[in-house]
Amino acid sequence: TEKVVVTVHANPSIPELTASDNTDFCKGDSVILSTDFLDGISYQWKKDGGYTGLNTNTLKIKTSGEYQLVITDAHTCSASSETENIVVYDLPDKPLAEAEGPTSFCAGESVNLRVDNNTAYSLDINRTMDRYLASVLKNPSFDLDFSKY
């Protein structure tokens, strides 16, 4: 009888994913998932079960989904990470501020600002006004730019 040699290769260790920041964030931001780099290993990222085609130990993510990393060694043995759920929230509507009265007035007077189109929007008026106070004293005409908040 002939002798048959069977070789069993160990699977690579399960990759542990590390997120660079929160895994839930607003549209326009991103997070990087990564694992340790190992020589001789190929890296395949999956999003929602389908391969992304990227062969790297890091992945910059800007869209919602369930992400997973599959690593494969030279013997074609593989291991998969736990799934990481990434949630990307839509931005709220840009607030439209309306003045309830004249926007030009004397010191000591005031005007109320109203935002009707976005009930989730809030303005820390004290913080905002502190930023403009120095410029108001030098130049009494100024704009409140809500797009920065």
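Scope of this entry: the structure provided in the associated data block.

Reading the values: rules and limits
- Residues numbered from 1 in each chain as written.
- Predicted model: local features only at pLDDT ≥ 70, side-chain atom pairs only at ≥ 80, totals over all residues.
- Heavy atoms only, no water.
- Helix = DSSP H or I, 4+ residues; strand = E, 2+ residues; numbered from the N terminus.
- Core = buried A, V, L, I, M, F, W, Y, C linked by side-chain atoms within 4.5 Å.
- Buried < 20%, exposed > 50% of the residue type's maximum accessible area, 1.4 Å probe, protein only.
- Contact = heavy atoms within 4.5 Å.
- Lys, Arg positive; Asp, Glu negative; His and termini not counted.
- Salt bridge = Lys/Arg side-chain N within 4 Å of Asp/Glu carboxyl O.
- Pairing = 2+ DSSP bridges.

### Details of unusual backbone geometry
Note on backbone geometry: most residues besides glycine have negative phi, and most peptide bonds are trans. Of note, the phi angle at D48 is positive, near 50°, even though the residue is not glycine. Topologically, D48 is positioned in the loop between β4 (42-47) and β5 (50-51). Non-glycine residue T76 carries a positive phi angle of around 65°. Here T76 shows up in the loop between β7 (65-72) and β8 (78-80).

### A look at the nonpolar core
Counting residues in each nonpolar core, the largest one holds 15 residues, and the members touching the most others are L33, W45, I61, Y67, L69, I71 and I86. Put simply, the parts of the chain that give this core at least two residues each are β3 (31-34), β4, β6 (58-61), β7 and β9 (84-89). Broken down by element, this core gets its largest block of residues, 3 residues, from β7. When neighbours within four sequence positions are excluded, Y67 is seen to be in contact with L17, L33, K46, K47, L59, I61, E82, T83, E84 and I86.

### Concerning the side chain of D73
Within the secondary structure, D73 sits in the loop between β7 and β8. Although D73 is buried, it forms no salt bridge, and the closest oppositely charged side chain is K46 at an N-O distance of 16 Å. Residues contacting D73, with those up to four places away along its chain left out, are A10, P12, G40 and I41.

### Remarks on the sheet that holds β3
Taking strand neighbours across the sheet as the criterion, the 3 strands line up as β1-β3-β6 in an open arrangement whose pairing is antiparallel. Sheet topology places β1 (18-19) and β6 at the edges, where each strand pairs with a single neighbour. Relative to β3, β1 is paired through 2 bridges, and the arrangement is antiparallel. When the bridges of β3 are listed, T18 appears paired with S34.

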